Amino acid sequence: MDAPVASFFSSCVHCGLCATACPFYVETGDPKYTPIHKLEPMRILWEQEFTFWGKLKGTLREKLPLEKIGLDKLLAGKQVTDDMLAEWEPLLYDSCTMCGRCSMVCPVGNDIQYMIRKAREGQVASGHAPEGLIAASVRAVNTGSPMGLKWKTLDVQIKHVEQATGLEVPIDKQGADYLVLLSSMEIINFPEYLEAITKIFHHAGVTWTLSQQCFEATNAGIQIGSKDIAATLVQRVVDAAEQLGVKKVISPECGHAYTAIRWEGPNAIKRAYPFEVFHIIEVLDQLRAEGRIKTEGKEDDRLSMHDPCNLARKSGVIQQQRNLMDLVAEEFVDLKEHGKMQWCCGAGGGVSSNERAEELKLAAFKKKKAQIEEVEPDRMVTMCATCRTQLEEGLEEYTMDIPVVGLTELIADHLVERKE
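Calculation notes
Each chain carries its own residue numbering, running from 1 in the direction its sequence is written. Local features in this predicted model are restricted to residues whose pLDDT is 70 or higher, and side-chain atom pairs enter the listing and the counts only when it is 80 or higher, whereas totals over whole chains, interfaces and linings include all residues. Side-chain descriptors were evaluated using all non-hydrogen atoms of the structure, hydrogens and water having been removed beforehand. In this analysis an axis means a line fitted to C-alpha atoms, helices contributing only their contacting stretch, and an angle means the value between N-to-C directions, from 0 to 180 degrees. The helix count covers DSSP runs of H or I at least four residues long, the strand count covers runs of E at least two residues long, and both are numbered beginning at the N terminus. With respect to orientation, any angle under 35 degrees is reported as roughly parallel, any angle over 145 as roughly antiparallel, any angle of 65 to 115 as roughly perpendicular, and every other angle as oblique. Between two residues, a contact is recorded if the distance between any of their heavy atoms is within 4.5 Å. Within this scheme, the nonpolar core is defined by two criteria: the residues are buried Ala, Val, Leu, Ile, Met, Phe, Trp, Tyr or Cys, and they are joined through side-chain atoms within 4.5 Å. Three labels apply to residues, based on accessible area from a 1.4 Å probe with only protein chains included: buried if under 20% of the type maximum, exposed if over 50%, partly exposed otherwise in between. A pair of aromatic rings is counted whenever rings of Phe, Tyr or Trp (Trp by its six-membered ring) have centres within 6.5 Å, and the orientation is called stacked for planes under 30 degrees apart, edge-to-face for over 60 and tilted otherwise. The criterion is that NZ of a Lys, or CZ of an Arg, lies within 6 Å of the ring centre and within 35 degrees of the ring normal, and then a charge sits over that ring. Any pair of nitrogen or oxygen atoms within 3.5 Å is treated as a polar contact; in protein, a donor-acceptor pairing is required on top of that, and neighbouring residues in sequence qualify only through side-chain atoms on both sides. For two strands to pair, DSSP has to find at least two bridges joining them. A crossover counts as right-handed when, viewed with the strands pointing away from the observer, the path leading from the first strand over the helix to the second turns clockwise. For patch detection, residues must exceed 30% relative accessible area and be free of salt bridges, and they are connected within 9 Å for like charges or within 5 Å for nonpolar side chains (Val, Leu, Ile, Met, Phe, Trp, Tyr). We get accessible surface area from the Shrake-Rupley algorithm with a probe of 1.4 Å; when it comes to residues, only the shown protein chains can shield them. Any carboxyl oxygen of Asp or Glu within 4 Å of a side-chain nitrogen of Lys or Arg constitutes a salt bridge here.

Chemist: Residues and numbers for the packing of helix H15 (residues 227-244) against helix H16 (residues 255-269), please.
Modeler: Pairs of packed helices are described in terms of their axes, by the angle between the two and the distance that separates them. In the contact formed by H15 and H16, the axes pass within 9 Å of each other and the chain directions differ by 110°. Between H15 and H16, the angle falls in the class roughly perpendicular. In this structure, H15 uses Ala230, Ala231, Val234, Gln235, Val237 and Val238 to contact H16, whose residues at the interface are Ala260, Ile261, Gly265, Ala268 and Ile269.

Chemist: Describe the nonpolar core, and please don't skip the residues or the numbers.
Modeler: Counting residues in hydrophobic clusters, the biggest one holds 45 residues, and the most contacted among them are Leu154, Phe201, Trp208, Leu210, Leu284 and Leu407. Put simply, the parts of the chain that give this core at least two residues each are helix H11 (151-165), strand S1 (178-180), helix H13 (192-204), helix H17 (280-289), strand S5 (299-305), helix H19 (319-328) and helix H23 (407-413). Per element, the largest residue contribution to this core is seven residues, and it comes from H13. In contact with Leu284, not counting residues within four places along its chain, are Ile200, Phe201, Ile293, Leu324 and Thr408.

Chemist: I'd love a proper account of the packing of aromatic side chains, names of residues and values included.
Modeler: As enumerated under the stated definition, the model contains eight aromatic pairs in all. Between Tyr178 and Phe201 the ring centres are 6.4 Å apart and the planes differ by 10°, which places this aromatic pair in the stacked class. One end of the pair, Tyr178, is in strand S1; the other, Phe201, is in helix H13, and 23 residues separate them in sequence. You can call Phe201 buried: its relative accessible area is 1%. Linked through ring pairs, Tyr178, Phe201 and Trp208 together constitute an aromatic cluster. Across the ring face of Trp343, the terminal group of Arg101 is positioned such that the distance to the ring centre comes to 3.8 Å. The side chain of Lys369 reaches across the aromatic face of Tyr398, ending 5.6 Å from its centre.

Chemist: How would you sum up the side chain of Glu282? Please name residues and give values.
Modeler: One can find Glu282 in helix H17. Within the structure, the side chain of Glu282 is placed 2.7 Å from the side chain of Tyr258, a separation counted as a polar contact. For Glu282, the side chain forms a polar contact with the side chain of Arg262, separated by 3.2 Å. Look past the residues within four positions of Glu282 in its chain and what remains in contact with it is Tyr258, Arg262, Val317 and Gln320.

Chemist: Which residues make up the pairing of strand S3 (residues 248-251), and what values do they have?
Modeler: Note: S1 against S3, two bridges, orientation parallel. Bridge pairing links Val180 to Ile250 in S3. Taken together, S3, H16 and strand S4 (residues 276-279) constitute a β-α-β crossover, and its handedness is right-handed.

Chemist: Give a detailed account of the sheet that holds S4, specifying residues and quantitative values.
Modeler: In spatial order, the strands read S2-S1-S3-S4; together these four strands make up an open sheet with parallel pairing. In this open sheet, the two edge strands, each paired with only one partner strand, are strand S2 (208-209) and S4. Examined bridge by bridge, S3 and S4 share four bridges and lie parallel to one another. Each residue of the ladder has a partner; that of Val249, found in S4, is Val277. Taken strand by strand, H16 contacts S3 and S4, and its axis lies near 165° from that of S4. Packing of H17 onto the sheet brings it into contact with S1, S3 and S4, and relative to S4 it is tilted by some 85°.

Chemist: Tell me about unusual backbone geometry, residues and numbers included.
Modeler: Positive phi outside glycine occurs at Asp172, with the angle close to 55°. Inspection of the secondary structure assignment puts Asp172 in the loop between H11 and S1. Residue classification places Asp172 among the partly exposed positions, given a relative accessible area of 32%. Of note, the phi angle at Lys270 is positive, near 60°, even though the residue is not glycine.

Chemist: Explain the sheet that holds S5 to me, using residue names and the numbers behind them.
Modeler: The sheet built from four strands is open, its strands ordered S6-S5-S7-S8 with parallel pairing. If you trace the sheet from one side to the other, it starts and ends with strand S6 (329-332) and strand S8 (404-406), each paired once. Taken over all neighbouring pairs, the strand axes of this sheet differ in orientation by 45° on average, direction set aside. Note: S5 against S6, three bridges, orientation parallel. Residue pairing for S6: Arg302 is matched across the bridge by Glu331. Relative to the sheet, H19 contacts S5, S6 and strand S7 (379-382), its axis offset from that of S6 by approximately 125°.

Chemist: An account of the pairing of S7 is needed here, citing residue identities and associated values.
Modeler: Burial along S7 is two-sided: the face carrying Arg379 and Val381 and the face carrying Met380 and Thr382 are both buried. Alignment of S5 against S7, held across three bridges, turns out to be parallel. Bridge assignment links Met305 to a residue of S7, and that residue is Val381. The pairing of S7 with S8 spans three bridges and is parallel. Residue pairing across strands places Val381 opposite Val405, the latter belonging to S8. For the crossover from S7 across helix H22 (residues 385-397) to S8, the handedness is right-handed.

Chemist: Tell me what's going on with a nonpolar patch on the surface, and back it up with residues and numbers.
Modeler: Judged by side-chain polarity, Met1, Leu45 and Phe50 come together as a nonpolar surface patch covering roughly 260 Å² of accessible area. Mapped onto the secondary structure, Leu45 falls in helix H4 (residues 40-50).

Chemist: Lay out the pattern of salt bridges in plain terms, naming residues and giving numbers.
Modeler: Opposite charge on two side chains lets them pair, provided their charged atoms get close. With the rule as written, the count across this model stands at 27 salt bridges. Two residues, Lys199 and Glu195, come together in a salt bridge whose shortest N-O distance is 3.3 Å. In this pair, Lys199 and Glu195 are both assigned in helix H13, four residues apart and thus about one turn of the helix distant. Among the ionic pairs, Glu331 bridges to Arg302, the shortest N-O distance being 2.7 Å. Here Glu331 is found in strand S6, whereas its partner Arg302 is found in strand S5, with 29 residues between them in sequence. In the salt-bridge network here, residues are joined through shared partners; they are Asp2, Lys118, Glu121 and Lys227.

Structure (structure tokens):
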């Protein structure tokens, strides 16, 4: 519990509007998925520890023989116990991606997704967290990757990229323009991403490097709610960047990774970075604006786009991806609600790492499905590996034959061939 959380509870007007912004509530109709309801154990503690009447009741319970004077039921109140925390754990981890849409519609400006983050910290501290996220966090600390990947796995992919492109994938290069981070999801599911940035950076004349010391961008500590793990994983990135002397770090096509390293990271390690952090889409748009990316030809089919919550809503990266789409799309149509108010795909915030939440996250995806059906695209474009995986799985689940492609990959497919 901190000052912002206490102030948010004190200003909540119990209107329930946050429910209308949550895909888990909207698509199930179950009131238990109302965002503010997921915080009930924390609200009980706030009332007991931070309000006048809560403190008074607590004092009376301690000092007076309540049963004898008939006030025991009146002043009893709910108590937060291990059983209650165990009961609420699925609500905090399975039915919330911390997408922040509920915070956008709160009429008094309460940051509900931030409150969920703080509640998760309490869950971890009290020993109540999903096994899937616990295992991912342990793997992240022990191997450097939440999926347990080691450098040798990435090294094999690097060799494939170099063979396919005839270009070098730089490793541990001192003083490069950028240190490039990857996510395990891309390495395993979307190896074309590394090939795409290799082609684009060669085309644009960008110097860059990977680090054997730290290649993973995602932060399982932030997802599960462990400050110590979050700080450990952020510090690895900082150490790698400082060792190589880079001034800019690139987060991959992963919304969570971007907010974790850019916005959460300095707070986690309690000091400012000696470098700047950018999402790959920000970098590509800057190269476009400088005239360093030249493309030819455009996609003939009808394209639409899913904005990752962490990228658009939380970070304000909205126009950049549309600038890039203009380079490669003959016909582009936005989803009706997009940008800062787009609907979450249902897989972020660690939900995709939690096998228990599989059925629920596909139910939440129905809101995105309805959006896509409304504009009838031939293909969907996104710029987050987790969102892309959820889109592919969700579209397959609901028998919608709509391929999904990453924007970085799409740009690489349309580069003008350089004449050396």
